[in-house]
4 protein chains.
Amino acid sequence: MADQLSFPTSLGTSDPTTIRLLGHDLAADLMGSVGFGELAYWLVAGRRPTPGEVRVFEAVLVALADHGFTPTAIAARLTYLSAPESLQGALAAGLLGGGSRFLGVTEDCGRFLADTLSAAGDAAATAAGPGDWDAIALDAVRRARADKRLVPGLGHPVHKERDPRTPVLIRIAEEEGLRGPHLRLFEAIGRVHPQVLGRALPLNGAGVCGAALADLGLPVELLRGFALLARAAGLLGHLAEERRDPIGMDVYLAVDRNAVYQPPES
Amino acid sequence: MADQLSFPTSLGTSDPTTIRLLGHDLAADLMGSVGFGELAYWLVAGRRPTPGEVRVFEAVLVALADHGFTPTAIAARLTYLSAPESLQGALAAGLLGGGSRFLGVTEDCGRFLADTLSAAGDAAATAAGPGDWDAIALDAVRRARADKRLVPGLGHPVHKERDPRTPVLIRIAEEEGLRGPHLRLFEAIGRVHPQVLGRALPLNGAGVCGAALADLGLPVELLRGFALLARAAGLLGHLAEERRDPIGMDVYLAVDRNAVYQPPES
Amino acid sequence: MADQLSFPTSLGTSDPTTIRLLGHDLAADLMGSVGFGELAYWLVAGRRPTPGEVRVFEAVLVALADHGFTPTAIAARLTYLSAPESLQGALAAGLLGGGSRFLGVTEDCGRFLADTLSAAGDAAATAAGPGDWDAIALDAVRRARADKRLVPGLGHPVHKERDPRTPVLIRIAEEEGLRGPHLRLFEAIGRVHPQVLGRALPLNGAGVCGAALADLGLPVELLRGFALLARAAGLLGHLAEERRDPIGMDVYLAVDRNAVYQPPES
Amino acid sequence: MADQLSFPTSLGTSDPTTIRLLGHDLAADLMGSVGFGELAYWLVAGRRPTPGEVRVFEAVLVALADHGFTPTAIAARLTYLSAPESLQGALAAGLLGGGSRFLGVTEDCGRFLADTLSAAGDAAATAAGPGDWDAIALDAVRRARADKRLVPGLGHPVHKERDPRTPVLIRIAEEEGLRGPHLRLFEAIGRVHPQVLGRALPLNGAGVCGAALADLGLPVELLRGFALLARAAGLLGHLAEERRDPIGMDVYLAVDRNAVYQPPES
């Protein structure tokens, strides 16, 4: 087996005079000509996005980059406090919180919409107006309710009435001709869910980002990856700020000084 | 102390109706208007970059995003093989290799140049042409040699004669009016080091990226962070490819099947 | 809210003269008197284990500590190659592969057994001999089969007939009076599954470890944690060996030199 | 090159019927017979420790396992809050803080003592009593002072007069005949440093652990690894407690609700 080792890749390769990335000459064709968001899209999708796709994609990354003192931002700052020589460790610690609860909604929502569209089949393929989408959405919300599953993308602990990112991202997608079936279905869920759930919840920003990314044709199994990329930029911002104006020690002391010993139960 | 808890930040804050980032309304002012690379720069530097700065900055990120099957890319793929449910874990594992050896040159080079400029003082401030820069560079390379320290940014295991990224990034910086003292000093090191080291080494891509980032005014202590951000995009590309066309299992088997037991020495 | 901050813990606290851990004086009562495995058990379970429980527990940790060149061990070595200044990063990278595929069986198996026992209710509580356990096991395997779920703990890619750890751990548990319902049910699964699956698979070592840990009363949601603790010791062994006798660079080159560029499909 | 792939290891190997670890039959010879701490020592040192060595080693691990709500414990709990499905991610995030500041003293101290002994040469090899050690210590502290370097292992933010772990670990080492040159030199530093520094600082617990590990013959470049292993057990305790009695959300809210927006300076 050893003598037939072969590892295929469509990403980067190099020889003494040239570096190639995605089949192009990195220095001659990509540097200075391709934006960073554009490259990230290309690397994952395997195809170069159009300018409109890049605009929607970067709007999503901007929307997800930072939400202030999230648990992940605090974890990154505390790790930097403990090991300032390892910036990569602090960044990694922050990203490790990018799981089901605080960063997972984007992927969960994209997947829910894609699964619903797939199950709806022809009804989705031929949907011609809000009424058609509402019917598909109503059915999906009812089934989720019956299975006691949450509908991802509904509700927000702070933006209880309206998440300001949602209408803006829908508008940008519309401007670029990229308001596709995932976004339309998501909007329909926003209209019909009160009928089933008995109260009106806002379509949240993480959810609309998942819908927009799915409309861009990006693989729904990897949508969390874009949330992580966006968050990597936000975490660098936090680590830069932690250098200039640290809070990590104060967070640590606020917890440690208010620790109360409690005997184990058993 | 608990009653005066206060954690300052210039990054993100939100209230029920608005999300603010860097002092701006995220939805109204930033989404769709600010690029992702632009935002990353802004988050770290605390100021919005000019279009020229963004172009140089994104050229750097594109240059550093992927170098094929690096140890970090392989580590990320093996982690994904073992724990496919945790994309964040695979990404974090890949970034954790972003340390001194494979990703550190960018930061090391920026720091070496900044330290040299700082030590040169007036000579750097008034340098008017290649001859002036060569004198400063010659002195810096001689001191590094005397202290048995490596000059960061010189040499490359594959691009032994010329790293194709170097002249391109210098040209882009020149086009944008951003070929500043760090790049000029770096170029001078490229001209004079053979006099001291006795052989000509290429100025490598990681080094020129560090010089360009330093000329952008970004903090040299955080330059590694930009290499990590760039690499996050490259690693997502690897993980997407690992889903489509996996190599992780083959890498594992190539190692495990060729394991040879060797008795401990003691 | 800030004035009522209070963070309860049963673990460690300290004041200028004393360090307390789990309600005991660390220096006076624990150091030199409590073993490390014993302490790990105590920390998670919240109660001090008996000597017999410690013996079974440490046998599990020893069983899981190292399996040679696993993907996680290779990932840790490659990360150490790239960032040798950050031992914690290399260790973390290795642990991040401790997910569903390569380290998850222990937890999955413990959980499957616990769920089965819980569902069996009285039948499990009054099971008096192998026949009773076989009936419960047969039902559980049949239901898993009907739901197209795998029965965790069955089969091994290398030990196709018999995993040598399994009978040894059962014997140790028996010697210590700790061969409880989870292990008995696991053994029964080993006896009856061929009737349902049509072929005989070995009870694997990771699975028997999960069964033994569950019989120790450790929380099944955290069983993966013990596999990770065991693996932390194994990974330190790999990193120590990587210092003495490195293979990381050879692994990297074996992959990189056998990379083959393949055009993206789209 | 591919046809000569060969990866040597002294750790684990397996074939269909046997698993070998460190040259022994894992199931027949190690499980149930070797303790977990003993195995960790063996894996790193490449030789089986004596019972006395195991007792000192485990006393060190017990001493370092948990220090309450450290930054690393808080980071692990916040990560678990965000991504509860990935226990390995939370554990890894906690370990990533095991760097220079909060966990580095053990390694720094062992290294400082080893370097001092190496530099002292014959004087250390023939040191016969406290007076001899004091002379070596005095010289080392003076040189550190002259170079404006800290002497690792001196001082503690909480235990300002005496760290209770220090005399206990020295006593245990003495009982086992393992109070060697590193510990003796460390004790001498405790006696003489006030002459140079002008005030008396306690020998701290992390430092004495480094001295004891170095006296056990463990490689000083990897001492941080043992602190990380010990801390892995402590972090599992924190994560188990976070499941039972969570504080992560309260920490997050205490920070987020007390965030104060501050305009960027530039």
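How each quantity is defined
Residues numbered from 1 in each chain as written. Chains lettered and ligands numbered in written order. Predicted model: local features only at pLDDT ≥ 70, side-chain atom pairs only at ≥ 80, totals over all residues. Heavy atoms only, no water. Helix = DSSP H or I, 4+ residues; strand = E, 2+ residues; numbered from the N terminus. Buried < 20%, exposed > 50% of the residue type's maximum accessible area, 1.4 Å probe, protein only. Contact = heavy atoms within 4.5 Å. Areas by Shrake-Rupley, 256 points an atom, 1.4 Å probe, with all protein chains shown as cover. Lys, Arg positive; Asp, Glu negative; His and termini not counted. Charge placed at Lys NZ, Arg CZ, Asp CG, Glu CD. Least-squares fit on C-alpha atoms with pLDDT ≥ 70 in both. Domains from an automatic or database assignment. Buried area = accessible area lost by both parts, 1.4 Å probe. Salt bridge = Lys/Arg side-chain N within 4 Å of Asp/Glu carboxyl O. Polar contact = N/O pair within 3.5 Å; in protein donor to acceptor, adjacent residues only side chain to side chain. Nonpolar A, V, L, I, M, F, W, Y, C, P; charged D, E, K, R; others polar. Pairing = 2+ DSSP bridges. Phe/Tyr/Trp six-rings, centres within 6.5 Å; stacked < 30°, edge-to-face > 60°. Axes fitted to C-alpha atoms, helices over the stretch in contact; angles between N-to-C directions. Parallel < 35°, antiparallel > 145°, perpendicular 65-115°, else oblique. Left-handed = near helix turned anticlockwise from the far one by under 90°. pLDDT = per-residue confidence, 0-100. Expected span 1.5 Å × (residues − 1).

### A closer look at the overall build of chain A
On a plain count of helices and strands, chain A comes out with 13 helices and five strands. With respect to the principal axes defined by its C-alpha atoms, chain A has extents near 65 × 55 × 45 Å. Among the 266 residues that make up chain A, the fraction classed as buried is 63%. Across chain A, contacts joining residues at least 24 apart in sequence account for 72% of those joining residues at least 6 apart. When the accessible area of chain A is evaluated, it comes to approximately 9400 Å², of which 50% is carbon and sulfur surface. The positive charge centre, built from 25 side chains, and the negative charge centre, built from 31, are 6 Å apart in chain A.

### Observations concerning the relation of the copies chain B and chain C
Superposing chain B onto chain C takes a rotation of 180° combined with a translation of 0.0 Å along the rotation axis, leaving an RMSD of 0.0 Å. Such a combination of turn and shift is consistent with a two-fold rotation axis. Of the residues that chain B buries at the interface, 100% are likewise interface residues in chain C, meaning the two copies contact each other through the same surface.

### Points about the domain arrangement of chain A
Structurally, chain A comprises domain 1 (11-48) and domain 2 (105-221). A separation of 33 Å is found between the C-alpha centroids of domain 1 of chain A and domain 2 of chain A.

### Looking at the interface of chain B and chain C
Facing the 33 residues of chain B at the interface are 33 residues of chain C. Interface area, chain B with chain C, both sides summed: about 2800 Å², of which 68% is carbon and sulfur. Across the chain B-chain C interface, the total number found is two salt bridges. Here Glu85 of chain B makes a salt bridge to Arg224 of chain C, at a shortest N to O gap of 3.9 Å. Where chain B packs against chain C, one counts six residue pairs in polar contact (both at pLDDT 80 or more). Contributions of two or more residues to the side of chain B that touches chain C are made by helix H4 (71-82), helix H5 (87-96) and helix H13 (248-256) of chain B. A class-by-class count of the residues in the side of chain B that touches chain C yields 19 nonpolar, nine polar and five charged.

### Notes on the interface of chain B and chain A
In this assembly, 84 residues from chain B lie in contact with 84 residues from chain A. Overall, the association of chain B and chain A removes approximately 7100 Å² of surface from exposure, summing both partners, and the carbon and sulfur fraction of that is 72%. At the junction of chain B with chain A, the criterion picks out two salt bridges. Between Glu221 of chain A and Arg243 of chain B there is a salt bridge, and its shortest N-O distance comes to 3.9 Å. Among the elements that line the side of chain B that touches chain A, the one with the most residues is helix H12 (residues 223-244) of chain B, at 16 residues. In the side of chain B that touches chain A, the residues fall into 47 nonpolar, 20 polar and 17 charged.

### A word on the sheet that holds strand E3 (residues 19-21) of chain B
Ordered in space as E2-E3-E4 (chain B), the three strands form an open sheet in which the pairing is antiparallel. A strand with exactly one partner marks an edge of an open sheet, and here the two such strands are strand E2 (12-14) and strand E4 (24-25) of chain B.

### Observations regarding the sheet that holds strand E4 (residues 24-25) of chain C
Residue and element names in this part refer to chain C. Spatially, the three strands line up as an open sheet ordered E2-E3-E4, and their pairing is antiparallel. Sheet topology places strand E2 (12-14) and E4 at the edges, where each strand pairs with a single neighbour. Note: E2 against strand E3 (residues 19-21), three bridges, orientation antiparallel. Residue pairing in the sheet places Thr13 in a bridge with Arg20 of E3.

### As for the relation of the copies chain B and chain A
In the superposition of chain B on chain A (RMSD 0.0 Å, axial shift 0.0 Å), the rotation amounts to 180°. Comparing interface residues between copies, 100% of those in chain B also lie at the interface in chain A; the contact surface is shared.

### Topic: the packing of aromatic side chains
According to the stated counting rule, one finds eleven aromatic pairs over all chains in the structure shown. For the ring pair Phe57 of chain B and Phe226 of chain B, a centre distance of 5.3 Å and an interplane angle of 85° mean the geometry is edge-to-face. Within this pair, whereas Phe57 of chain B is found in helix H3 (residues 51-64), its partner Phe226 of chain B is found in helix H12, the two being separated by 169 residues in sequence. Here Phe57 of chain B falls in the buried class, since its relative accessible area comes to 0%. Plain terms: the ring middles of Tyr41 of chain C and Phe57 of chain C are 5.1 Å apart, the flat faces sit at 75° to each other, and that makes the pair edge-to-face. Here Phe57 of chain C lies in helix H3 (residues 51-64) and Tyr41 of chain C lies in helix H2 (residues 36-45), a separation of 16 residues in the sequence.

### A few points about the side chain of Asn204 of chain C
All names here are of chain C. One can find Asn204 in the loop between helix H10 (181-197) and helix H11 (205-215). A distance of 3.4 Å separates a polar atom in the side chain of Asn204 from the backbone nitrogen of Ala206. When neighbours within four sequence positions are excluded, Asn204 is seen to be in contact with Val105, Gly153, Leu154, Gly155, His156, Asp163, Thr166 and Phe186.

### Re the packing of helix H12 (residues 223-244) of chain C against helix H2 (residues 36-45) of chain D
The interhelical angle for the contact between H12 of chain C and H2 of chain D, taken along N-to-C directions, is 15°, at an axis separation of 8 Å. With respect to their mutual orientation, H12 of chain C and H2 of chain D come out roughly parallel. The way H12 of chain C lies across H2 of chain D gives a crossing that is right-handed. Of the residues in H2 of chain D, those touching H12 of chain C at Leu229, Ala230, Ala233, Gly234, Leu236, Gly237, Ala240 and Arg244 of chain C are Phe36, Ala40, Leu43 and Val44 of chain D. Here the contact of H12 of chain C with H2 of chain D is composed, by residue class, of nine nonpolar, two polar and one charged.

### Some remarks on the pattern of salt bridges
Residues and elements named next belong to chain A. Following the criterion strictly, the structure yields 67 salt bridges over all chains and no others. Residue Glu242 pairs with Arg77 through a salt bridge whose shortest N-O separation is 2.7 Å. A residue pair is termed long-range when its members are at least 10 positions apart, and Glu242 in helix H12 (residues 223-244) and Arg77 in helix H4 (residues 71-82) qualify at 165 residues. Taken individually, Glu242 and Arg77 each receive the classification buried, so the pair is uniform in this respect. Here the salt bridges share partners, and the residues they tie into one network are Arg55, Arg171, Glu175 and Glu176.

### Brief notes about the confidence of the model for chain A
Regions with low pLDDT carry predicted coordinates that are not meant to be interpreted in detail. Averaged over every residue, the pLDDT of chain A is 94; the share at 70 or more is 98%. Interface predicted TM-score (ipTM) for the complex: 0.95; the corresponding pTM is 0.96.

### What to know about unusual backbone geometry
Residue and element names in this part refer to chain B. Even without glycine at this site, Lys148 takes up a positive phi of about 55°. Counting through the fold element by element, Lys148 comes out in the loop between helix H8 (130-146) and helix H9 (165-175). Classification of Lys148 as exposed rests on a relative accessible area of 78%.

### Some thoughts on H12 of chain C
With 22 residues, H12 of chain C extends 32 Å between its outermost C-alpha atoms, agreeing within 8% with the 32 Å of an ideal straight helix rising 1.5 Å per residue. Buried residues dominate H12 of chain C, accounting for 20 of its 22 residues.

### Re the packing of helix H6 (residues 105-120) of chain D against helix H11 (residues 205-215) of chain D
Residue and element names in this part refer to chain D. Viewed as axis vectors pointing N to C, H6 and H11 meet at an angle of 50°, and their least axial separation amounts to 7 Å. With respect to their mutual orientation, H6 and H11 come out oblique. For the pair H6 and H11, the sense of crossing is right-handed. Judged by residue contacts, Val105, Thr106, Cys109, Gly110 and Leu113 of H6 engage Ala206, Gly207, Cys209, Gly210, Ala211 and Leu213 from H11. Across the contact of H6 with H11, the residue classes break down as seven nonpolar, four polar and no charged.

### Some words on the environment of Pro164 of chain C
By the element assignment, Pro164 of chain C lies in the loop between helix H8 (130-146) and helix H9 (165-175). Once the C-alpha coordinates of Pro164 of chain C and Pro263 of chain C are considered, the two residues, 99 residues apart in sequence, prove to be 46 Å apart.

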